[in-house]
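Observations on the three-dimensional arrangement
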Amino acid sequence: DTGVSQNPRHKITKRGQNVTFRCDPISEHNRLYWYRQTLGQGPEFLTYFQNEAQLEKSRLLSDRFSAERPKGSFSTLEIQRTEQGDSAMYLCASSPSSGGIHNEQFFGPGTRLTVL
Amino acid sequence: DAKTTQPNSMESNEEEPVHLPCNHSTISGTDYIHWYRQLPSQGPEYVIHGLTSNVNNRMASLAIAEDRKSSTLILHRATLRDAAVYYCILRDGVQGAQKLVFGQGTRLTINP
């Protein structure tokens, strides 16, 4: 049983560089979510896809952030011109669409980004 | 989404029951109560959810007050593996968004 996987697990970059993270959801799940979590805080929602359509974006997702899910399977989250405030754990989750809001979201282990 | 209030931290002993409280005084009639937990260095995982009646599953029980303004997650016999941050989340069953809105949760420490 393969769960949600995320790569890389850790990323260290210099301020101003671009970074891209990948999320592979559970194969039969058509909903995919990105969250960001800073130290000591709960995760914050960033964006949500149903299949390849991006249906909701948080105000946290500035124009430096872009997420894609081109074929409705894996997703990428890109941050351009990284800033030190972008340092956080980036979590991906997936869920099936049947069952509405009560479908549990299955989370990956996250990608920890450190911006120097 | 309606707001929840949880204690920042709680401590318990191994093999004892743990009662984790959550206040949600502004809960609406269509809000479901969901609990997730986050083990160290892992993403959150679903624990349980309910609307009005108490709920049980293999992980935990959820006791919901009659007026629904509070609920309690019950771990019947805590193990060291239950040490985690526990999040109580309200989700609107009618108009609810798909996203989860996490608060700061309760950090549970289990003593051996």
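Residues numbered from 1 in each chain as written. Chains lettered and ligands numbered in written order. Predicted model: local features only at pLDDT ≥ 70, side-chain atom pairs only at ≥ 80, totals over all residues. Heavy atoms only, no water.

Time to look at the overall build of chain B. Looking only at helices and strands, chain B has zero helices and nine strands in total. The order of α-helices and β-strands along chain B, N terminus first, is β-β-β-β-β-β-β-β-β. Expected size for 112 residues packed as a compact globule is a radius of gyration near 13 Å; at 13 Å, chain B falls within 12% of this value. Taking the principal axes of its C-alpha atoms as reference, chain B extends roughly 45 × 30 × 25 Å. The proportion of buried residues among the 112 residues of chain B is 44%. Considering only contacts in chain B between residues 6 or more positions apart, those separated by 24 or more positions represent 57%. Approximately 5700 Å² of chain B is accessible, and the part contributed by carbon and sulfur atoms is 45%. (Helix = DSSP H or I, 4+ residues; strand = E, 2+ residues; numbered from the N terminus. Rg over C-alpha atoms; globule rule 2.2 N^0.38 Å. Buried < 20%, exposed > 50% of the residue type's maximum accessible area, 1.4 Å probe, protein only. Contact = heavy atoms within 4.5 Å. Areas by Shrake-Rupley, 256 points an atom, 1.4 Å probe, with all protein chains shown as cover.)

On to the overall build of chain A, then. Within chain A one finds zero helices and eleven strands. Ordered by position from the N terminus, the helices and strands of chain A form the series β-β-β-β-β-β-β-β-β-β-β. In terms of C-alpha radius of gyration, chain A reaches 14 Å, essentially the compact-globule figure of 13 Å for 116 residues. Projecting the C-alpha coordinates of chain A onto the three principal axes gives extents of approximately 40 × 25 × 25 Å. Looking at the 116 residues of chain A, the share that counts as buried comes to 46%. Summing over all exposed atoms, chain A offers an accessible surface of approximately 5800 Å²; the carbon and sulfur share of this is 45%. Seen as two clouds, the 14 positive and the 12 negative side-chain charges of chain A have centres 7 Å apart. (Lys, Arg positive; Asp, Glu negative; His and termini not counted. Charge placed at Lys NZ, Arg CZ, Asp CG, Glu CD.)

A few words now on the interface of chain B and chain A. Contacts between the two partners involve 21 residues from chain B and, on the opposite side, 22 residues from chain A. Counting the surface lost from both chain B and chain A, the interface buries some 1700 Å², and carbon and sulfur atoms represent 52% of this. Between the two partners, chain B and chain A, sit one salt bridge. K99 of chain B serves as the salt-bridge partner of E56 of chain A, at 3.2 Å between the closest nitrogen and oxygen. When residues of the side of chain B that touches chain A are traced back to their parent elements, those giving at least two are β3 (31–38), β4 (45–50) and β8 (84–92) of chain B. Looking at the side of chain B that touches chain A, the element that brings in the most residues is β3 of chain B, giving four residues. (Buried area = accessible area lost by both parts, 1.4 Å probe. Salt bridge = Lys/Arg side-chain N within 4 Å of Asp/Glu carboxyl O.)

Let's shift gears to the pattern of salt bridges. Inspection of the entire model under this criterion finds seven salt bridges over all chains. A salt bridge links R64 of chain A to D86 of chain A, with the shortest nitrogen-to-oxygen separation between them at 2.8 Å. Of this pair, R64 of chain A sits in the loop between β6 (53–57) and β7 (65–68) while D86 of chain A sits in the loop between β8 (75–79) and β9 (88–95), placing them 22 residues apart in sequence. Neither R64 of chain A nor D86 of chain A differs from the other in exposure class; each is buried. E15 of chain B is the salt-bridge partner of R77 of chain B, the closest N and O atoms lying 3.6 Å from each other. Residue R77 of chain B is found in the loop between β7 (70–75) and β8, and its partner E15 of chain B is found in the loop between β1 (9–13) and β2 (18–23); the two are separated by 62 residues along the sequence. Given a relative accessible area of 55%, R77 of chain B falls into the exposed group. Given a relative accessible area of 52%, E15 of chain B falls into the exposed group.

A word on the sheet that holds strand β5 (residues 55–56) of chain B. Residue and element names in this part refer to chain B. The four strands lie next to each other as β2-β7-β6-β5, forming an open sheet whose pairing is antiparallel. The open sheet terminates on both sides in strands that have one partner only, identified here as β2 and β5. Of the pairings in the sheet, the one linking strand β6 (residues 61–64) to β7 comprises four bridges and is antiparallel in character. Across the sheet, residue S61 finds its bridge partner in β7, namely I74. (Pairing = 2+ DSSP bridges.)

All right, on to the nonpolar core then. Counting 21 residues, the largest nonpolar core has I33, W35, L73 and Y86 of chain B as the members making the most contacts within it. Where this core is concerned, the elements lending two or more residues are β2, β3, β4, β6, β7, β8 and β9 (106–111) of chain B. If you tally residues by element for this core, the top one is β8 of chain B, at four residues. Apart from the residues within four sequence positions on either side, L73 of chain B is in contact with V18, H19, L20, W35, V47, I48, A60, S61, L62 and Y86 of chain B. Ranked by size, the runner-up nonpolar core spans 19 residues in total, among them L32, F65, I79 and Y90 of chain A. (Core = buried A, V, L, I, M, F, W, Y, C linked by side-chain atoms within 4.5 Å.)

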